[in-house]
Amino acid sequence: MTLNLDSKIPDGPIADKWDNQKFGMKLVAPHNRRRFDVIVVGSGLAGAAAAATLGELGYNVRCFTYHDSPRRAHSIAAQGGINAAKNYKGDGDSVERLFYDTVKGGDFRAREANVHRLAELSVDIIDQCAAQGVPFAREYSGLLDTRSFGGTQVSRTFYARGQTGQQLLLGAYQSLMHQVDAGTVELHDRTELLDVVVVDGEVAGIVTRHLHTGAVQSWSAHAVVLATGGYSNVFFLSTNAKHSNASAIWRAYRKGAAFGNPCFTQIHPTCIPASDDFQSKLTLMSESLRNDGRIWVPTEFDDKRSPDQIPAEERDYYLERRYPAFGNLVPRDVASRAAKAEVDRGRGVGELKNGVYLDFSDAIARLGRDVIEERYGNLIEMYERITDEDPYKVPMRIYPAVHYTMGGLWVDYNLQTTIPGLFAGGEANFSDHGANRLGASALMQGLADGYFVLPATLANYLADRLSRPPVPTDHPAFAEAEAAVRDRTKQLLSTGGTRTVDWFHRELGKIMWDNCGMARSTETLTKALSEIPALRSEFEKDVRILGDGDSLNQSLEKAGRVADFFELAELMCIDALHREESCGGHFRVEHQTPEGEAERDDENFSYVAAWEFTGDGNAPALNKEPLEFEYVHLAQRSYK
Amino acid sequence: MDLTLKVWRQAGPGTEGRIETYDVPGISEEMSFLEMLDVLNDRLIVEGREPIAFEHDCREGICGSCGMMINGQAHGPQKGTATCQLHMRKFSDGDTIVVEPWRATAFPIVKDLVVNRSTFDEIIAAGGYISVTTGAAQEANLTLVPKAVADTAMDAAQCIGCGACVAACPNSAAQLFTSAKLAHLNLLPQGQPERWDRTVRMVGVMEQYFGSCTNHGECHEACPKEISLDFIAYMNRDYRKAIVKNRSLIAQP
Amino acid sequence: MATTTRPAAAELATTKRKRPWFIELYGTALGKKYVMAITGIIGMLFIVGHMVGNLKLYLGGDHLDVYGEWLRTIGEPALPRTVFLWLLRGLLITAVVLHIHAAWSLTRLNHRADIKYTNRRDFIAANFASRTMRWTGILVGLFIVFHLADLTWGAANGDFIRGAVRHNMVHSFRRPPVAITYVVANVALGIHLWHGAWSLFQSMGWNNPRFNQWRSWFAWAFAGAIVLGNISFPILIVTHAVTY
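Visitor: Could you give me a rundown of the overall build of chain B, with the residues and numbers involved?
Guide: Counting its regular elements, chain B contains eight helices and seven strands. With respect to the principal axes defined by its C-alpha atoms, chain B has extents near 70 × 35 × 35 Å. Burial statistics for chain B: of 253 residues in total, 68% are counted as buried. Of the contacts made within chain B by residues no fewer than 6 positions apart, 68% connect residues no fewer than 24 positions apart.

Visitor: Could you give an account of the packing of aromatic side chains, naming the residues involved and the relevant values?
Guide: Residue and element names in this part refer to chain A. Under the criterion given, the structure shown has 39 aromatic pairs over all chains. Aromatic side chains Tyr 253 and Phe 259 sit 6.0 Å apart centroid to centroid with 80° between the ring planes, which places their arrangement in the edge-to-face category. Overall, the relative accessible area of 0% leaves Phe 259 in the buried class. For the pair Phe 360 and Tyr 376, a centre-to-centre distance of 5.8 Å together with 40° between the ring planes defines the contact as tilted. In this pair, Phe 360 is assigned in the loop between strand S15 (356-359) and helix H10 (361-367) and Tyr 376 in helix H11 (residues 369-387), connecting sequence segments 16 residues apart. One exposure class covers both Phe 360 and Tyr 376, and it is buried. Among the aromatic residues, ring-to-ring pairing joins Tyr 231, Trp 250, Tyr 253, Phe 259 and Phe 613 into one connected group. Here the basic side chain of Arg 117 rests over the ring of Tyr 413, its NZ or CZ set 4.2 Å away from the ring centre. The positively charged end of Arg 561 is found above the aromatic ring belonging to Tyr 66, 4.8 Å away from the centroid.

Visitor: Please give an account of the sheet that holds strand S20 (residues 621-626) of chain A that cites residues and values.
Guide: Residues and elements named next belong to chain A. In space, the four strands of this open sheet follow the order S17-S11-S19-S20, with antiparallel pairing throughout. A single partner strand is all that each edge strand has here, and the edge strands are strand S17 (408-409) and S20. Looking at chain direction, strand S19 (residues 607-612) and S20 are connected through six bridges and run antiparallel. Looking at S20, one finds that Trp 611 is bridged to Leu 622. Seen against the sheet, helix H16 (residues 554-578) touches strand S11 (259-260), S19 and S20 and runs at an angle of roughly 145° to S19.

Visitor: With reference to specific residues and values, describe the nonpolar core.
Guide: Ile82(A), Met512(A), Phe33(B), Met88(B) and Phe210(B) are the most contacted members of the largest nonpolar core, which has 278 residues in total. In terms of residues, this core owes the most to one element, helix H12 (residues 442-463) of chain A, which gives 13 residues.

Visitor: Report on the side chain of Glu218(B), specifying residues and quantitative values.
Guide: Among the structural elements, Glu218(B) can be located in helix H7 (residues 218-222). The exposure class assigned to Glu218(B) is buried, which follows from its relative accessible area of 2%. A polar side-chain atom of Glu218(B) sits 2.7 Å from the main-chain amide nitrogen of Ile124(C). One polar contact links the side chain of Glu218(B) to the main-chain amide nitrogen of Ala126(C), over a distance of 2.7 Å. In contact with Glu218(B), other than residues within four places in its own chain, are Ala168(B), Pro170(B), Arg121(C), Phe123(C), Ile124(C), Ala125(C) and Ala126(C).

Visitor: Give me the environment of Glu540(A): which residues, what numbers.
Guide: Take Glu540(A): it is sitting in helix H15 (residues 522-542). In this structure the C-alpha to C-alpha distance between Glu540(A) and Val394(A), which are 146 residues apart in sequence, comes to 47 Å.

Visitor: Account for the pattern of salt bridges, with residues named and values stated.
Guide: This model, assessed by the stated rule, comprises 84 salt bridges over all chains. A salt bridge links Arg536(A) to Glu570(A); its shortest N-O distance comes to 3.3 Å. Of the two residues, Arg536(A) is situated in helix H15 and Glu570(A) in helix H16; the sequence distance between them amounts to 34 residues. Glu570(A) sits in the buried class, given a relative accessible area of 18%. Across the salt bridge formed by Asp150(C) and Arg175(C), the nearest N and O atoms sit 3.3 Å from each other. In this pair, Asp150(C) is assigned in helix H6 (residues 133-151) and Arg175(C) in the loop between helix H7 (165-173) and helix H8 (176-204), connecting sequence segments 25 residues apart. Its relative accessible area of 0% is what places Asp150(C) among the buried residues.

Visitor: So, helix H2 (residues 118-125) of chain B: which residues are in play, and what are the values?
Guide: In an α-helix, one turn spans 3.6 residues; hence positions three or four apart end up facing the same way. With eight of eight residues buried, H2(B) lies mostly within the body of the structure. Taken together, the buried positions of H2(B) are occupied by Ser118(B), Thr119(B), Phe120(B), Asp121(B), Glu122(B), Ile123(B), Ile124(B) and Ala125(B). The secondary structure elements touched by the buried residues of H2(B) are helix H6 (164-182) of chain A together with helix H4 (164-168), helix H5 (175-187) and helix H6 (195-209) of chain B. Note on H2(B): the residue one or two positions beyond its end, Gly127(B), has a positive phi of about 135°.

Visitor: Explain the interface of chain B and chain C to me, and be specific about the residues and the numbers.
Guide: In this complex, chain B contributes 52 residues to the contact, which on the side of chain C involves 48 residues. Summed over both partners, the interface of chain B with chain C buries about 4300 Å², with 53% contributed by carbon and sulfur atoms. Among the ionic pairs, Arg121(C) bridges to Glu218(B), the shortest N-O distance being 3.6 Å. Seen at the junction of chain B and chain C, the total is 31 residue pairs in polar contact (both at pLDDT 80 or more). Secondary-structure elements contributing two or more residues to the side of chain B that touches chain C are strand S5 (96-100), H2, H4, H6, H7 and helix H8 (230-244) of chain B. At 10 residues, H8(B) tops the list of elements feeding residues into the side of chain B that touches chain C. Class assignment of the residues belonging to the side of chain B that touches chain C gives a composition of 24 nonpolar, 18 polar and 10 charged.

Visitor: Give me the interface of chain B and chain A: which residues, what numbers.
Guide: If you look at the interface, chain B gives 80 residues, while chain A gives 76 residues. When the two sides are added together, the surface that chain B and chain A hide from each other amounts to roughly 6500 Å², 49% of it contributed by carbon and sulfur. The interface formed by chain B and chain A contains seven salt bridges. With a shortest N-O distance of 2.9 Å, Arg161(A) and Asp155(B) are connected by a salt bridge. At the level of elements, helix H1 (33-46), strand S6 (109-111), H2, helix H3 (147-157) and H5 of chain B are the ones that each hand at least two residues to the side of chain B that touches chain A. Of the residues belonging to the side of chain B that touches chain A, the class tally is 35 nonpolar, 24 polar and 21 charged.

Visitor: I'd like to hear about the state of the cysteines, residue by residue, with values.
Guide: Residues and elements named next belong to chain B. Going through the model one piece at a time under the given rule, you end up with zero disulfides over all chains. No disulfide involves Cys 58; its sulfur sits 3.7 Å from that of Cys 63, the nearest cysteine. For Cys 63, a relative accessible area of 3% gives the class buried.

Visitor: Can you explain a nonpolar patch on the surface? Please cite residues and give values.
Guide: A cluster of nonpolar side chains, contributed by Val244(B), Trp21(C), Phe22(C) and Ile23(C), occupies part of the molecular surface with about 420 Å² of accessible area. Summarising the element assignment, Val244(B) is placed in helix H8. By relative accessible area, Val244(B) is classed as exposed at 52%.

Visitor: Just give me the short version of the sheet that holds strand S3 (residues 82-83) of chain A, but keep the residues and values in it.
Guide: With respect to topology, three strands assemble into an open sheet ordered S3-S5-S4 (chain A), the strand pairing being antiparallel. A single partner strand is all that each edge strand has here, and the edge strands are S3 and strand S4 (146-147) of chain A.

Visitor: Can you break down the pairing of strand S8 (residues 202-210) of chain A residue by residue, with the values?
Guide: Residues and elements named next belong to chain A. Counting buried positions over the nine residues of S8 gives eight, a clear majority of the element. Relative to S8, strand S7 (residues 191-199) runs antiparallel, the two being bridged by eight bridges. In the sheet register, Val 197 faces S8, and the bridge partner there is Gly 205. Here S8 pairs with strand S9 (residues 216-220) via five bridges, running antiparallel. Bridging from a neighbouring strand, Thr 208 pairs with Gln 217 of S9. In this structure, the hairpin formed by S8 and S9 is closed by a connection of five residues, where Gly 214 is found at a positive phi of approximately 75°.

Visitor: Go over the pairing of strand S2 (residues 60-64) of chain A with me, naming the residues and quoting the values.
Guide: Residue and element names in this part refer to chain A. The sheet contact formed by strand S1 (residues 37-41) and S2 spans five bridges and is parallel. By the bridge assignment for S2, Asp 37 is matched with Asn 60. You can see the chain leave S1, run along helix H3 (residues 45-57) and come back into S2, and the turn it takes is right-handed. Pairing of S2 with strand S6 (residues 185-188) involves four bridges; the strand directions are parallel. What sits directly across from Phe 64, in S6, is His 188.

Thresholds applied
- Residues numbered from 1 in each chain as written.
- Chains lettered and ligands numbered in written order.
- Predicted model: local features only at pLDDT ≥ 70, side-chain atom pairs only at ≥ 80, totals over all residues.
- Heavy atoms only, no water.
- Helix = DSSP H or I, 4+ residues; strand = E, 2+ residues; numbered from the N terminus.
- Buried < 20%, exposed > 50% of the residue type's maximum accessible area, 1.4 Å probe, protein only.
- Contact = heavy atoms within 4.5 Å.
- Phe/Tyr/Trp six-rings, centres within 6.5 Å; stacked < 30°, edge-to-face > 60°.
- Lys NZ or Arg CZ within 6 Å of the ring centre and 35° of its normal.
- Pairing = 2+ DSSP bridges.
- Axes fitted to C-alpha atoms, helices over the stretch in contact; angles between N-to-C directions.
- Core = buried A, V, L, I, M, F, W, Y, C linked by side-chain atoms within 4.5 Å.
- Polar contact = N/O pair within 3.5 Å; in protein donor to acceptor, adjacent residues only side chain to side chain.
- Salt bridge = Lys/Arg side-chain N within 4 Å of Asp/Glu carboxyl O.
- Buried area = accessible area lost by both parts, 1.4 Å probe.
- Nonpolar A, V, L, I, M, F, W, Y, C, P; charged D, E, K, R; others polar.
- Disulfide = S-S within 2.5 Å.
- Patch = residues over 30% accessible without salt bridge, like charges linked within 9 Å, V, L, I, M, F, W, Y side chains within 5 Å.
- Areas by Shrake-Rupley, 256 points an atom, 1.4 Å probe, with all protein chains shown as cover.
- Right-handed = clockwise from strand over helix to strand, strands pointing away.

The following block contains the structure:
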């Protein structure tokens, strides 16, 4: 262990920690803020919110996105909702309960202090977004409406039809564009981060490539925020957008930022099953569907009857049977594994026998078709467009798919990585969800980080650097990084092999899904660890990228991202192999209860695994940040 | 099924483009339109020909990246569907499919089917927001929003900014895009203080780049979110009021 | 936005001098659309009045001529003879000029903004009427000039007698080419009105979901009534169903 993993958790009772921290932190006076340059990479919920807020406070902000508009970041695709401990329904919700649910839902692998802060801020987020004009669903009274979500027994999820992520992102995007108009934020679209520059152990800036012109450029700043999302696309088939990638956080890792819990990936239980080999991505159906839909498979193996021909007594509502208290609303990891178990047993449904039914017929009978249409209309339409089946008549077919990565850059309580001045927010950091994220919590975390946490903690970092200008971009470190970026591009373009980038990506995805997916074992992980490097060296020799680096070249962009995925995939397997326990989304078949539930080993693994880059070809070094649970008692999760 | 594809190919912003023809055999009905293009691109790369550049990202109809003119219709033949969610079952064996980029002066072509839609961001920057200092917002339930208002605002706010409305409009007008954002914010109580300035400024920027509305209704037909023409009327009304009304009295009934 | 090639914004007005609000408004495309709509409404009111007046043809005798004479005397004795009529004509001419100018400059704006597709467009909502507004408009404009020459100035009417409205009308429409011209022009007018009468509601922002369906019914009914009424004159005259 070489890194000093100081989590900087403030003292005091948990409910006061964030207030104490805010009071204890240094401030930058309004007239001094314009003297600080801040770079925000990514324009999703965390990035756009942080850039907009920092700009509004008066810092010189540059915001980078590889999209043609900040509004296209993948946060836009989140459907179901955002949690907040408002207790508007009077059903016993509170900050403490949201905190408790999140720690428990994360299978006790998250930092208590962070989660509590998240629960506190959830309330402010709803106020902020409602004031911005986010058209949340309303009751007839004009009050905000909520619904319930997996892993909880209260109704605390605010939503805007099935497009909550879109509406929240548009709110943040609009605030960002407001700041662009005001001149406080300089927006750089179609510009991708290709390296992070560190000088004297502190972040100095970034190197980017413009996707349309190929121009490689350096940007210096006092502080850099990475809000670049997660890395589910390492599996090729995931619910992430096609361009979502890990390059920014991976480059930071290679420059010295520790990577926390890389193996913690979430498999979302309700996605549309793959239909053929050409499938380019999987489409998620919001978890909110589980509120009214019932999940079942035929009791008969290999039942070829159409679902409406199968009588009730020959249907196995396996979630309701196994988990009577939570039923169809068990947390995602539990629901996913249960579906996989049914399909693996041979009770899968659909042409390829790769799904389970999600049935609305009871809900339609109880509530009427209109209510179901009002609640889920756009999801049902989307399903129909993709599958050509009408869920009002036949049950949906669903199957789990990779959806979210709880792992990410290790950050302290202030969201600073192990590189001073380099911060990470949203899905790009590892911080708040432990080993499993509850539904409707990703939006909450992205916005909490962006609107509230980063602006406060950045000031604390910057306050000490008032007299120091940022490292100029003519510093040799920038030249070196630029040269490395150009070399890498040149190398990819000159490989001249025979296979496309997508081919390699698909193969990598298969290795990861089969060996490091929903169920992992020493055997599969060891296998993956031998297959990935082999595929990677094949990639280096045999990939074919046409065109040049001086104009829009989508294969080249992809190739750079896939090259980083190869390295990350290895780290994920190493982490998964070392974590000899099952927890949340990380399920090791060697470690399960007699009923087949995940079995944690709190004695030996109650820590954050923060991996440190030690050079190409060397094994990464493991650093441990012990997790202490003072307020939530460690217990085997039970949703029965 | 076997298809013939005619695709607009253009190397860069200033260069000449042309339609090129490709045979695309063995396409499955389950594929999405973009997956069909993926298959073609994979083959082109293996054959040593440059793949077709096209924008895409989420592939679930929400990010608004993708968009192309398919057989003379923005986003192709299926109503209320973005290109990424258009599936090949909407075509038949032996079809010839013509694919062009969005065309409008305000959307210059970057490469092949990729166009630059930054002008949309400029319209938003000109007032497509409600100013709230972060952290200074009041308790959310203090502002009541009647359900009908929230629902209509949501109908408008669904816009994904793909540009199909402009592409489909014979005048390359951006009224549907602009009016959807205006309606989203102008309908809500939170949006009232900035309502009139917002309307004047956003319309002003829109008119710098885009054509005028002749009420054809093509935009609504092309819109993957089926945003209503009513919002264009609301915008016209608000603009009229913004110019004519005495704004200091506007809070009075 | 900052780093990429952007289309050049159309020239903004360089003069910073504050102009009257209605000139400012007319400078915008939305403002021109209001002008299109309002002048369109003026035109529509005129067309209705014109047709209702002409229907007196069917009352026989000198009803039509008496009506024509009455038009010249409106406002008397407060106003001298024909002053009101000239005010009305002034309003109409202004409306027509503005309507044409707004249409012309909007068309130019649209041509600047639009790039044509190489392949044929497959229009879904845009119909023949909406896409041919400028052509039906030009047709109607040319027709108005002819119509004035025929029945107001008399230059295109061989046997024109000032004030003898019925005589002039019957004499003119007895000529089959003229009758056909009137029919064709009125059909063009009907097509123009059909889109215009719906479109003006949108342009003015008169929209209420409760009444929106009525807008298109109104457009149908209005355009239909005008076309039927107006083409009945040449048809019934050329077929000698109506005589001197």
